[in-house]
Amino acid sequence: MRDVTTAQTPVDLDVQPTPLALLLLGREADPRSERGVECPGDLPSPSDPDLVERARAAKEKLGDKVFVLGHHYQRDEVIQFADVTGDSFKLARDAAARPDAEYIVFCGVHFMAESADILTGDDQKVVLPDLAAGCSMADMATAEQVAECWDVLTEAGIAEQVVPVSYMNSSADIKAFTGKHGGTICTSSNAKRALDWAFEQGEKVLFLPDQHLGRNTAVRDMGMSLDDCVLYNPHRPNGGLTAEELRNAKMILWRGHCSVHGRFSLDSVNDVRERIPGVRVLAHPECKHEVVAAADEVGSTEYIIKALDAAPAGSKWAIGTELNLVRRLANAHPDKEIVFLDKTVCFCSTMNRIDLPHLVWTLESLAEGNLVNRIEVDRETEQFAKLALERMLALP
């Protein structure tokens, strides 16, 4: 066996980190990426015993000028300072309903803050406490890749039949593409309604960027078959599909997924049923199709919260969604047994970049009159992205 304690590591190699590595570390900027940069100022120490009091004092000093949004997957230490909590779209709408708030501090990830900027007034400023808080799923579909996909659909002679439907968990660029090409946005709660609408407009749907939500909605909720769906891989020529495959498909699914929900497997479901007799499995529709098919119930984050609120005392639940929320629900319902679907702990790593030191730094900066980490969508992108969002709001 190798003695790792005596292994020598070369120290004289001139190794330079790649641009992607720097992005992952949060040390470089890419305006078209969900990943950003580290804070330009000095963060308070996580061990500072006064962090909670500092956050409270800065928020009180700002008063009605600030409105703090907290996504369900956020840390408890951050959620305690949220004026409202919810999923990404609910929070964006809540922000739009507070036109008097000068600053919207979004404790979530980048695409959520973009949506809030699109829906709020021009005089309001949306702030993300850590610009490196992005979404790996949203990064799986870039504007350039989607434009190339549309060229492939055009060459196959089907672009005029295709209606794009993009998940809320996408960048402003993708939302704008969707609006420009006659499509709509959806959430995990209204995906079926969005697809019903899309199939009234055209014969096929290009679903971006989460393949699992698209597949689960089409097959589980709309009665399509798995053969009606094809998977477009942006990293392969023509998406890895033939023109005939594209022509025969009803659902063209983008090869993207959520890194948290994608980890749950059929083995996870079988294992928890064996460990906890009588357990009910409740999975988010971003989970793989085999997980959703094996679950007792499937629903959005809001659905999960309401289901557990209504569940009888003594009931047992295994939840397939982000761990911060599952843990919070377990603490809120001590009369029920609530566990994480997978035995391995898994937080949303990018969401967790928003921590108490970042929030304190943000609130104190704003209280001192320094605008930091503003998220601002350009006018043209905002125009078409808002069009797609408005189509969703008009869904029956």
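Everything quoted here is computed from the prediction, not taken from an experiment. (Residues numbered from 1 in each chain as written. Predicted model: local features only at pLDDT ≥ 70, side-chain atom pairs only at ≥ 80, totals over all residues. Heavy atoms only, no water.)

J.: Give a detailed account of the sheet that holds strand β4 (residues 125-127), specifying residues and quantitative values.
T.: The five strands are arranged β2-β1-β3-β4-β14 in an open sheet whose pairing can be described as mixed. Two strands lie at the open edges of the sheet, namely β2 (84-86) and β14 (374-375), each paired on one side alone. Here three bridges tie strand β3 (residues 103-107) to β4, and the two strands are oriented parallel to one another. Bridge pairing links Val 105 to Val 127 in β4. Packed on one face of the sheet, helix α16 (residues 356-367) meets β1 (66-71), β3 and β4 and runs near 175 degrees to β3. (Pairing = 2+ DSSP bridges. Helix = DSSP H or I, 4+ residues; strand = E, 2+ residues; numbered from the N terminus. Contact = heavy atoms within 4.5 Å. Axes fitted to C-alpha atoms, helices over the stretch in contact; angles between N-to-C directions.)

J.: Quick one: what's the story with the packing of aromatic side chains, residue by residue and with numbers?
T.: For the coordinates displayed, the defined rule picks out three aromatic pairs. Considering the side-chain rings of Tyr 232 and Trp 254, the 5.3 Å spacing of their centres and the 25 degrees angle between planes classify their relative orientation as stacked. Linking Tyr 232 in strand β8 (residues 229-232) with Trp 254 in strand β9 (residues 251-254), this pair joins segments that are 22 residues apart in sequence. Each member of the pair, Tyr 232 as well as Trp 254, is classed as buried. (Phe/Tyr/Trp six-rings, centres within 6.5 Å; stacked < 30°, edge-to-face > 60°. Buried < 20%, exposed > 50% of the residue type's maximum accessible area, 1.4 Å probe, protein only.)

J.: I'd love a proper account of unusual backbone geometry, names of residues and values included.
T.: Each neighbour pair has its own omega, and for Leu 208 with Pro 209 the value is -25 degrees, a cis peptide bond. Located in the positive-phi region is Asn 238, a residue other than glycine, with phi close to 55 degrees. Among the structural elements, Asn 238 can be located in the loop between β8 and α11 (243-248). The class for Asn 238 is partly exposed, based on a relative accessible area of 39%.

J.: Explain the sheet that holds strand β12 (residues 316-320) residue by residue, including any values.
T.: Strand order in the open sheet made by the four strands is β11-β10-β12-β13, with parallel pairing throughout. At either end of the open sheet lies a strand with only one pairing partner, and these are β11 (297-298) and β13 (337-340). Strand direction decides the pairing type here: strand β10 (residues 280-283) and β12, joined by four bridges, are parallel. By the bridge assignment, Val 281 is partnered in β12 with Ala 318.

J.: Please give an account of the packing of helix α4 (residues 88-96) against helix α5 (residues 110-119) that cites residues and values.
T.: Between α4 and α5, the shortest axis-to-axis distance is 8 Å and the interhelical angle comes to 35 degrees. Along this stretch, α4 crosses α5, giving a crossing that reads as right-handed. Where α4 abuts α5, its residues Ser 88, Phe 89, Ala 92, Arg 93, Ala 95 and Ala 96 lie against Phe 111, Met 112, Ser 115, Ala 116 and Leu 119. In terms of residue class, the contact of α4 with α5 is built from eight nonpolar, two polar and one charged. (Left-handed = near helix turned anticlockwise from the far one by under 90°. Nonpolar A, V, L, I, M, F, W, Y, C, P; charged D, E, K, R; others polar.)

J.: So what's going on with the pattern of salt bridges? Which residues, and what values?
T.: Between side chains of opposite charge, pairing is possible as soon as their charged atoms come close. Under the defined criterion, the tally for this structure stands at 18 salt bridges. Lys 125 serves as the salt-bridge partner of Glu 102, at 3.8 Å between the closest nitrogen and oxygen. Of the two residues, Glu 102 sits in the loop between α4 and β3 while Lys 125 sits in strand β4, which places them 23 residues apart along the sequence. Three or more residues are tied together by salt bridges with common partners; here these are Asp 48, Arg 54 and Glu 364. (Salt bridge = Lys/Arg side-chain N within 4 Å of Asp/Glu carboxyl O.)

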